[in-house]
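So you can see what is in the structure, the chains are spelled out below.
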Amino acid sequence: MKAGIVGLPNVGKSTLFNCLSSAKAQAANFPFCTIDAQLGQVSVPDERLTKLAELVHPGRIVPAVCDIVDIAGLVKGASKGEGLGNQFLANIRECDAIIHVLRCFDNDNIVHVDGSVDPVRDKEIIDLELQIKDLETLENRLKRVEKAARVGGDKQAKIELDVIEAYKAAIESGRSARTVQFETEDEQQAAKGLFLLTAKPVLYVCNVDDKSAATGNKYTQAVAEAIKGEEAEMLIISAQTEADIAELETYEEKQMFLEDMGLSESGCNRLIKAIYHLLTLQTFITAGEMEVKAWTFRKGWKAPQCAGVIHTDFEKGFIRAEVIKYDDYIKYGSEAAVREAGKLGVEGKDYVVQDGDIMHFRFNV
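Structural notes on the overall build of the chain
So, step 1. Each helix and strand in the chain was counted, giving 14 helices and 12 strands.
So, step 2. Burial status across the chain gives 48% buried among its 365 residues.
So, step 3. A separation threshold of at least 6 residues defines the contact pool for the chain, and within that pool the share at least 24 residues apart is 70%.
So, step 4. When the accessible surface of the chain is summed, it comes to about 18100 Å², and 48% of that surface belongs to carbon and sulfur atoms.

Structure follows, in structure tokens:
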């Protein structure tokens, strides 16, 4: 599972990526300075691991991680191959979610590819390019499905045709595919099989100046109004401020800096958590003397699937899962105390794992 950082040139994508990842994308004041999509793996901030470690005293703490891709800047005409359009669109197609960075700050020293700052216009440029590409995908698919559905009487083709027409109507009216909701499982599966760019979940990141990091500004207000009803989320962050924070050496220095800015948590931490949520990812935890470790799973997964995250043998030979709720572990202070209090749950194959569950799997192969 990975999220792609997209946007027009010079909106702060690579600066933000550098703050998030140990990988260093080139950040420069000219279009297309990022030519190749760069992959970074970031740790997911999770205060629960630290609190558990204070009780367990493990050898190490291992956080969850997620993958983030810095994708080259897009320009008008990308859907027709302009600029690095073909490469850009191919990279988006490989991602599971989109982090759309919008420039929401004034700075005469940083060139805007269209000559002025207007994040709503910038958003619409990229939306339009993705929508044009999706429309092309739908029209190509329509030619293959229509005959089977209307002449051949193929039931599955009829379902897919209805989905295609619903998507086509939405995109032709200027809406993205993610605004269209399907009720039946067959429709939902058909929709997934089209792999549309605008069906991917999106988080709009408003990159502001440091003075607006805590409050936002007129540009972020305009973006918030523009995305109403779009099934999308928005986050305000100052990429330059985050770059300054990253240069500080100690946790105490970083916290003082944040307090001076009127922030309780760094924008990078908030962004990583938002990306994790956008990808519908959750965390279960294993806690022992060797390590306290966060494991990533998809929301809605059952116990055997989560066991398989640790090792495929755990899933194949799954017997049961011993589950401690995080709050209970903190309250009672140890696994033994939780057991004594009768708060340790023994769950079978149908148990849907919850975020923050502390798990121990029993298996036999």
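Here we look at the sheet that holds strand β6 (residues 202–207)
So, step 1. The strand order across the open sheet built from 6 strands is β2-β4-β1-β5-β6-β7, with neighbouring strands paired in mixed fashion. Edge positions in the sheet fall to β2 (38–43) and β7 (233–237), since each has one partner strand and no second. Going across the sheet, the axis of each strand differs from the next one's by a mean of 25°, ignoring polarity.
So, step 2. In terms of strand pairing, β2 meets strand β4 (residues 65–70) through 6 bridges, oriented antiparallel. The residue of β4 that forms the bridge with L39 is V69.

Some details on the packing of aromatic side chains
So, step 1. One pass over the full model with this rule turns up 6 aromatic pairs.
So, step 2. Measuring from centroid to centroid gives 5.2 Å for Y167 and F182, while their planes differ by 90°, and the two rings are edge-to-face. With Y167 in helix α5 (residues 155–172) and F182 in the loop between α5 and α6 (185–192), this pair connects stretches of sequence that are 15 residues apart.
So, step 3. Given a relative accessible area of 5%, Y167 falls into the buried group.
So, step 4. Three or more aromatic residues joined by ring pairs form one cluster here, namely F284, W295, F297, F318 and F361.
So, step 5. Over the face of the ring belonging to W295 we find K293, whose NZ or CZ atom lies 4.0 Å from the ring centre.

Notes on the confidence of the model for the chain
So, step 1. Considering every residue of the chain, the mean pLDDT works out to 86; 89% of them sit at 70 or more.
So, step 2. Ignoring residues within four places in sequence, the model shows residues 23–35, a span with pLDDT below 50, making 40 contacts including any to other chains.

Observations regarding the pairing of β4
So, step 1. Note that strand β1 (residues 2–6) and β4 share 4 bridges and pair parallel. If you follow K2 over to β4, its bridge partner there is D67.

Parameters at a glance
- Residues numbered from 1 in each chain as written.
- Predicted model: local features only at pLDDT ≥ 70, side-chain atom pairs only at ≥ 80, totals over all residues.
- Heavy atoms only, no water.
- Helix = DSSP H or I, 4+ residues; strand = E, 2+ residues; numbered from the N terminus.
- Buried < 20%, exposed > 50% of the residue type's maximum accessible area, 1.4 Å probe, protein only.
- Contact = heavy atoms within 4.5 Å.
- Areas by Shrake-Rupley, 256 points an atom, 1.4 Å probe, with all protein chains shown as cover.
- Pairing = 2+ DSSP bridges.
- Axes fitted to C-alpha atoms, helices over the stretch in contact; angles between N-to-C directions.
- Phe/Tyr/Trp six-rings, centres within 6.5 Å; stacked < 30°, edge-to-face > 60°.
- Lys NZ or Arg CZ within 6 Å of the ring centre and 35° of its normal.
- pLDDT = per-residue confidence, 0-100.

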